[in-house]
Amino acid sequence: MGLHLMRFLSVILLMCAFVPEAAQAQAQIREVYLVQNSGWMEPFYTDSRSQFRGLIESLVEVTRLNRVPISIATFNQNGQIPGVASPNVVYSGEYSAADVSQAVRSISLPRRPNGKYADADFFGALNNTLKEVLQGEEGVIWMITNNKNSPDNDQDVLKNTQGFYDLLRNSDFITRIVAYPLRMKVTGEHFSESGFIIYGIAYGQTAARALDVLLGTGAPIHGLFNDPAVFLKPIAPESVELVLSMQEVGEGITAHMESGVLVIDDLPGSQENVVQLTGRLKNVAYPKRIATAQISSGWSGTSGSSPVIAADPSTIDGLAYGAVSDPVTFQIALPAVHRPAGLSGLLQSESVIDGRLQIALNNLDYDLDDAFVDKAAAVFGGDMLGQGQRRLVDQQLPDIFFDFRNVSQSVSEVPVRLIVRFSLLPLYGAVAILALILAGGGLLFWLRSHVRTATVLAGGMRQSLSLRPGQSVEVDGADGNRYRVTGRLLKTHSVSPLN
């Protein structure tokens, strides 16, 4: 089977990828649920205790996308069952819980004309899914399988299965692969199984983004499985997340986590600040154990001078998935942030700076987590312990599960918000000056509009006149001449003869 089939599927993937750009732009993502129903799957369908069908229904429910059509199809080996293709679509259309349940309950184990169950051909199933079900368009394929690829009852199952996943790993058009190994001990008339694997496979870039949404934080799929997905392609870039409680990290300066963002508040403006915060690193790289790594840290996201960050201790080791490290201290030297110039700066009381704290694990050595080894060994029917389990898992799991062995560095990023506070004294001073100016202006306006009554001497006659500053009137004097009297702001009204 080997090389020529791998080359054949490579060509098919290449042909499907070169859909005209306009057609790709209009293409609609589709979800396909590809359920294996070859002979070795017998106990999943016939054991009265099996929850296999119910789990498939739940999988469809929690992974459906709004307004995205779905297809449910079975697969074995095409051409072995007369009149029934592989994959065989048992439902296609919009999601309906009743229709999906009916379709899943209708899945059975077909027999060949010689009475034997059908074999499993992963290559043919994916090939026909891309051509016939997706018709060359992008899509998310959920493949439910016992992980045993045996076309024509080829007994070299391990080699066949490894070859299939090598092809997926090396194809540029398969953009995402995740896996959920699940325990389910079932017994049929002819076979017994201990579990199976659900693969999520994205074909195309838009499908990759769709799969990312389905697996995102808070997505319904997390309520279906106890463990997170195993990211096989690409390997999840982040290995650790920062766990930190509210703390004082400098004089009057606080740090806390808020919805995944590290907030450092009350940093004094116009001066350099050095803060020291202590947290722990949590291993989020399922299903990997961090055997050993060296820690370094940095900053990204701002122009100009960047904070200088140092971590202590500089190594971690033996960190199981989900476990937290011993305390790690980060010393962050923050350059001075100055108040902007001009009036807008004078009125500004704070400045917010966003960036990312980078936590790099260097000289990284991963291993499979013990809990995952236990689970995977059970899925593949092993009852050995310790290193025997690990040898079994190493042999049975496709190599794509071990690509992490080629990773020597992992960088995790923590969003950071720096809140710099500026002194309010300049603002208070500016407000005080403005208040004085306004008060002075108001007083001047009042004085200029205020009517003052004063007694004036015009041509030997005393007269009492009420005038506003600048207002003039003409009066007759005792000497028979006329005089102009003009109101003044502070002094006595002025008197001047008209002739």
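Remember, predicted model here, so these are calculated numbers, not experimental data. (Residues numbered from 1 in each chain as written. Predicted model: local features only at pLDDT ≥ 70, side-chain atom pairs only at ≥ 80, totals over all residues. Heavy atoms only, no water.)

J.: Tell me about the sheet that holds strand β21 (residues 472–476), and name the residues and values.
T.: Pairing within the open sheet is antiparallel, and its three strands lie in the order β21-β22-β23. With partners counted over all chains shown, the strands left at the sheet margins are β21 and β23 (494–497), one partner each. On average, each strand axis in the sheet is inclined to that of its neighbour by 30°, with strand direction left out of account. With five bridges connecting them, β21 and strand β22 (residues 482–486) associate as antiparallel partners. Paired with D476 across the two strands is R482, which belongs to β22. (Pairing = 2+ DSSP bridges. Helix = DSSP H or I, 4+ residues; strand = E, 2+ residues; numbered from the N terminus. Axes fitted to C-alpha atoms, helices over the stretch in contact; angles between N-to-C directions.)

J.: Lay out the side chain of E31 with the relevant residues and their values.
T.: Turning to its location among the elements, E31 is positioned in strand β1 (residues 30–36). This buried residue, E31, is left without a salt bridge; R64 holds the nearest opposite charge, at 8.2 Å. Polar contacts involving the side chain of E31 include one to the side chain of W142, which spans 3.1 Å. Excluding anything up to four places from it in sequence, E31 contacts T63, R64, L65, V68, P69, I70, S71, V140, W142 and L214. (Buried < 20%, exposed > 50% of the residue type's maximum accessible area, 1.4 Å probe, protein only. Lys, Arg positive; Asp, Glu negative; His and termini not counted. Salt bridge = Lys/Arg side-chain N within 4 Å of Asp/Glu carboxyl O. Polar contact = N/O pair within 3.5 Å; in protein donor to acceptor, adjacent residues only side chain to side chain. Contact = heavy atoms within 4.5 Å.)

J.: Summarise the environment of R462; cite the residues concerned and give the values.
T.: For R462, the position within the fold is in strand β20 (residues 461–467). Put simply, R462 and A478 are 16 residues apart on the chain and 9.1 Å apart in space, counted from C-alpha to C-alpha. Contact partners of R462, with chain neighbours within four places excluded, come to T455, V456 and L457.

J.: Go over the packing of aromatic side chains, please, and point to the residues and values.
T.: Evaluated as defined, the whole model comprises 11 aromatic pairs. Ring centres 5.1 Å apart and planes at 80° place the aromatic pair F52 and F196 in the edge-to-face group. You can see F52 sitting in helix α4 (residues 52–63) and its partner F196 sitting in strand β6 (residues 192–203), a full 144 residues away along the chain. Residues F52 and F196 agree in their burial class; the two are buried. For the ring pair Y199 and F401, a centre distance of 6.5 Å and an interplane angle of 70° mean the geometry is edge-to-face. You can see Y199 sitting in strand β6 and its partner F401 sitting in the loop between α11 (387–396) and β18 (410–421), a full 202 residues away along the chain. The same class applies to Y199 as to F401, namely buried. An aromatic cluster is built from F44, Y45, F52 and F196, whose rings are joined through pairwise contacts. Over the ring of Y366 we find K288, and its NZ or CZ is 5.2 Å from the ring centre. (Phe/Tyr/Trp six-rings, centres within 6.5 Å; stacked < 30°, edge-to-face > 60°. Lys NZ or Arg CZ within 6 Å of the ring centre and 35° of its normal.)

J.: Tell me about the pairing of strand β14 (residues 308–312), residues and numbers included.
T.: The alternating pattern of β14 places I309 and A311 on a buried face, while none of V308, A310 and D312, on the opposite face, is buried. Across five bridges, β14 lies against strand β16 (residues 328–334) in antiparallel orientation. The partner of V308 across the bridge, within β16, is A333.

J.: Outline the pattern of salt bridges, listing residues and values.
T.: When the charged atoms of two side chains with opposite charge come close together, those side chains can pair. Throughout the structure, instances matching the rule amount to 13 salt bridges. One salt bridge connects E350 with R421, and the closest N-O pair in it is separated by 2.3 Å. On the criterion of sequence distance, the pair formed by E350 in strand β17 (residues 350–368) and R421 in strand β18 is long-range, its members being 71 residues apart. The closest approach of N and O atoms between E413 and R356, which form a salt bridge, is 3.8 Å. Of this pair, E413 sits in strand β18 while R356 is found in strand β17, placing the two residues 57 residues apart along the sequence. Ionic contacts of the salt-bridge type, sharing partners, join the residues D265, D266, E350 and R421 into one network.

J.: Tell me what's going on with the sheet that holds strand β9 (residues 247–250), and back it up with residues and numbers.
T.: Taken together, seven strands build an open sheet; the order of strands is β9-β10-β11-β18-β17-β13-β15 and the sheet is mixed. The two strands at the open ends of the sheet, each matched to only one other strand, are β9 and β15 (315–319). Strand after strand, the sheet turns through a mean of 30° between neighbouring axes, direction not considered. Pairing geometry for strand β13 (residues 288–300) and β17, over 11 bridges, is antiparallel. Opposite T292, over in β17, you have D365 as the bridge partner.

J.: An account of the nonpolar core is requested, with residue identities and associated values reported.
T.: Residues Y199, L262, I264, I290, F330 and F401 are the most contacted members of the largest nonpolar core, which totals 75 residues. In contact with Y199, other than residues within four places in its own chain, are I141, W142, M143, T145, N147, Y165, I177, V178, A179, L232, P398 and F401. V35, M41, A208 and L215 belong to the second largest nonpolar core, which has 44 residues in total. (Core = buried A, V, L, I, M, F, W, Y, C linked by side-chain atoms within 4.5 Å.)

J.: Go over the side chain of Q80 with me, naming the residues and quoting the values.
T.: In this fold, Q80 is placed in the loop between β2 (70–75) and β3 (88–93). Here Q80 falls in the buried class, since its relative accessible area comes to 12%. Within polar-contact distance, the side chain of Q80 engages the side chain of Q77 at 3.3 Å. For Q80, the side chain forms a polar contact with the main-chain nitrogen of D119, separated by 2.8 Å.

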